[in-house]
Amino acid sequence: MESSANPPNPDQTKAPESLCRLCLSRDCHIKSISDYESQKNRPEELQKFIEEATGIQIEQNDLAKGLCASCAGMVVTVVKFRRKCQKINMEMRNLREEFLKESPADDMELLLYYLRMK
């Protein structure tokens, strides 16, 4: 006698540990955050990067705590880009202050001045 019940969907039987916490991918190798951090010998750095890049804090009791290589790489790239933008923003603000002390100017003159300095 054949069973009329549908077989379980393979996606539903996957353990949460096999999912990427950020993109829910399961079609790749998932590593724990601590594995990524110990690989670079930088404890808690990736966790801090995840929070800085996404605003997400991964808790010990979260179902999925691992990351795929793609998300781990993107998190690092986003944080580096964000920090670079913030640094340039501070430099531009400081430069503007210095420039305005010397002579009042509009923003276009300031930008041209900055570009000539580089």
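Residues numbered from 1 in each chain as written. Predicted model: local features only at pLDDT ≥ 70, side-chain atom pairs only at ≥ 80, totals over all residues. Heavy atoms only, no water.

Student: Sorry, what's going on with unusual backbone geometry here?
Tutor: Across residues other than glycine, the phi torsion is negative in most instances, and most of the peptide bonds are trans. Phi at Leu24 takes a positive value of approximately 65 degrees, unusual for a residue other than glycine. Its location among the elements puts Leu24 in the loop between helix 1 (10-13) and strand 1 (30-32). Residue classification places Leu24 among the exposed positions, given a relative accessible area of 55%. (Helix = DSSP H or I, 4+ residues; strand = E, 2+ residues; numbered from the N terminus. Buried < 20%, exposed > 50% of the residue type's maximum accessible area, 1.4 Å probe, protein only.)

Student: What exactly am I supposed to notice about the packing of aromatic side chains here?
Tutor: Within a pair of aromatic rings, the relevant descriptors are the distance that separates the centres and the angle that separates the planes. In total, this model carries 0 aromatic pairs according to the counting rule given. The residue whose ring lies beneath Lys31 is Tyr36, and the NZ or CZ to ring-centre distance is 4.6 Å. (Phe/Tyr/Trp six-rings, centres within 6.5 Å; stacked < 30°, edge-to-face > 60°. Lys NZ or Arg CZ within 6 Å of the ring centre and 35° of its normal.)

Student: Sorry, what's going on with a nonpolar patch on the surface here?
Tutor: On the surface, a cluster of nonpolar side chains totalling about 380 Å² of accessible area is made up of Met108, Leu111, Leu112 and Leu115. Relative to the elements of secondary structure, Met108 occurs in helix 5 (residues 107-117). (Patch = residues over 30% accessible without salt bridge, like charges linked within 9 Å, V, L, I, M, F, W, Y side chains within 5 Å. Areas by Shrake-Rupley, 256 points an atom, 1.4 Å probe, with all protein chains shown as cover. Salt bridge = Lys/Arg side-chain N within 4 Å of Asp/Glu carboxyl O.)

Student: Would you explain the pattern of salt bridges in this entry?
Tutor: One side chain can pair with another of opposite charge once the charged atoms of both are near each other. Applying the stated rule across the entire model yields 4 salt bridges. Of the charged contacts in the structure, one is a salt bridge between Arg21 and Asp62, with a shortest N-O distance of 3.3 Å. One end of the pair, Arg21, is in the loop between helix 1 and strand 1; the other, Asp62, is in the loop between helix 3 (45-54) and strand 2 (66-68), with 41 residues separating them in the sequence. Connected via shared salt-bridge partners are Glu52, Arg82 and Arg83.

Student: Please explain the UniProt feature "binding site: Zn(2+)" (unreviewed entry) in the protein chain as it appears in this structure.
Tutor: With numbering aligned to this structure, UniProt lists the feature "binding site: Zn(2+)" (unreviewed entry) at Cys20, Cys23, Cys68 and Cys71. Across 52 residues, the annotated set stays spatially compact, with a maximum C-alpha separation of 8.3 Å. Structurally, Cys20 is set in the loop between helix 1 and strand 1. Classification of Cys20 as buried rests on a relative accessible area of 0%. Discounting chain neighbours no more than four positions away, the residues touching Cys20 are Ser25, Ile30, Gly66, Leu67, Cys68 and Cys71. Tracing the sequence through the fold places Cys68 in strand 2. Other than its neighbours up to four places away in sequence, Cys68 contacts Cys20, Cys23, Cys28, His29, Ile30 and Tyr36. (UniProt positions renumbered as here; feature names shortened; annotations may be inferred. Contact = heavy atoms within 4.5 Å.)

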